[in-house]
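What follows is each chain in one-letter form.
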Amino acid sequence: MTNHTSRRNVLRGLGAATALTVAGCTDSTDAGNGANSEESTDTGGDAEITAAWVFNSEVGDLGWSWAHNEGRKAVASEYDWLETRFTEAVAPEESEQVFRQYADSGVDIIFGCTFGYQDPMATVAEEYPDVYFEHNTGYTTLENMGRFMGRIYEARYLAGQAAGLVSETDTLGYVAAFPIPEVVRGINAYTLGAASVNDAVSTKVRWTNTWFDPPSESEAASALLDEDVDVMAQHQDSPAALTEAADAGIWATGYDAPMGEQAGEHYLTSPIWHWEEFYGPTVEAVRDDEWEADAYWQGLESGICSIDDWGPDVSQDVRDEVAATRAEIVEGSLDIWAGTEFEGESDEFLFQEMSSYVESVDGEVPS
């Protein structure tokens, strides 16, 4: 895409005035319309590449957007030739305008960080063939629009194994967001990890149909506590389920971010993201005019995901067993889907079609 370089240089020459029109420069208190934009101060005014991020929630929520913003900050700090901007709390129905404003401002690459941005981003990408776009969690690619995700289910498996090792009631609780393949995949992996060390274990699931609603998450966790669960997991953007578990005195695992502070002595670990492992090579490729649209989906071996540090009361035996399992996954000797109905399924199926539970999960996935 050779035209990208010339367009980039022309727009950069127009100066900063154009950039002031982007939605990210709105008042940070107006979260519903896309709050807060930040430009890296590490470039010294000599940025060669400008990258923009669009988030569906506030970056301070200790969840999904927080993790992505940590990745943005890491690359902003790493590269003195990179300028970064972001807009937070953008609803999918508002995202097309934000993408278009960033594209108009001369940004080189735009990252959209939630599934609901897929179609709006594709619309804008077709209008701006000389701007690069990356969509997170989706399945659409264009010549100038790639997609990226990580095999966080591998880290979920490890967290589940720890849960299976510490559970005394053989009953795990899982507060889940939406019944989409991404979430179902995580529930299944977590349960398989637990079942690998405890063949009597089962997982009970409560759905909130929200990504960020602490009261609903607390309510779902409370309902699970009534069913004798003694380890709590979650797939939302807040630590509400962990806090509920800690208050009840049971173990808990989080998601997205380190959540040991919320769970205290009852903390096991959390599957967490290291998005800079994708963002770094991607902005380097843009700078070197080597960017190509692809479908990134790497796992533990790439560093894109991991489990958090262990909680203070997790035994050495648990740590050692999980570490051994992690090594097997990384070296490729352990297929976590082996022996299940999903053994041998394609990446396409695992990524966007998984819609049923493994045997040890109670109930059925809602339609």
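In short, a report on the structure.

1. Some points on helix α11 (residues 316-331)
Then comes step 1: Between its first and last C-alpha, α11 extends 23 Å over 16 residues, near the 22 Å set by a 1.5 Å rise per residue.
Then comes step 2: Within α11, the full set of buried residues consists of Val 318, Val 322, Thr 325 and Ile 329. The arc enclosing the buried residues of α11, seen along the axis, measures out at 60°, which places them on a common side. Exposed and oriented more than 90 degrees from the buried face of α11 are Asp 317 and Glu 331.
Then comes step 3: Check the buried side of α11 and you find it contacts α5 (152-166) and β12 (305-307).
Then comes step 4: Positive phi appears at Gly 332, one or two residues downstream of α11, with a value of about 85°.

2. Some thoughts on the side chain of Asn 144
Then comes step 1: Relative to the elements of secondary structure, Asn 144 occurs in the loop between β4 (132-136) and β5 (145-150).
Then comes step 2: The exposure class of Asn 144 is buried, given its relative accessible area of 6%.
Then comes step 3: Looking at Asn 144, its side chain comes within polar contact range of the main-chain oxygen of Ala 125, at 3.0 Å.

3. Brief notes about the packing of helix α2 (residues 64-78) against helix α10 (residues 276-287)
Then comes step 1: Across the interface, α2 lies against α10 with an axial gap of 8 Å and an inter-helix angle of 45°. With respect to α10, the axis of α2 lies oblique. Here α2 and α10 pass one another in a crossing that is right-handed. On the side of α2, the interface is formed by His 68, Gly 71, Arg 72, Ala 74 and Val 75, while α10 contributes Glu 276, Tyr 279 and Gly 280.

4. As for the packing of α5 against helix α6 (residues 181-195)
Then comes step 1: Contact geometry of α5 with α6 gives a least axis separation of 6 Å together with a crossing angle of 40°. It follows that α5 is oblique to α6 by the angle criterion. Here α5 and α6 pass one another in a crossing that is right-handed. For the pair α5 and α6, contact is made by Tyr 153, Arg 156, Tyr 157, Ala 159, Gly 160, Gln 161, Ala 163 and Gly 164 and by Arg 185, Gly 186, Ala 189, Tyr 190, Leu 192, Gly 193 and Ala 194, respectively.

Criteria and thresholds
Residues numbered from 1 in each chain as written. Predicted model: local features only at pLDDT ≥ 70, side-chain atom pairs only at ≥ 80, totals over all residues. Heavy atoms only, no water. Helix = DSSP H or I, 4+ residues; strand = E, 2+ residues; numbered from the N terminus. Expected span 1.5 Å × (residues − 1). Buried < 20%, exposed > 50% of the residue type's maximum accessible area, 1.4 Å probe, protein only. Arc of directions from axis to C-beta. Contact = heavy atoms within 4.5 Å. Polar contact = N/O pair within 3.5 Å; in protein donor to acceptor, adjacent residues only side chain to side chain. Axes fitted to C-alpha atoms, helices over the stretch in contact; angles between N-to-C directions. Parallel < 35°, antiparallel > 145°, perpendicular 65-115°, else oblique. Left-handed = near helix turned anticlockwise from the far one by under 90°.

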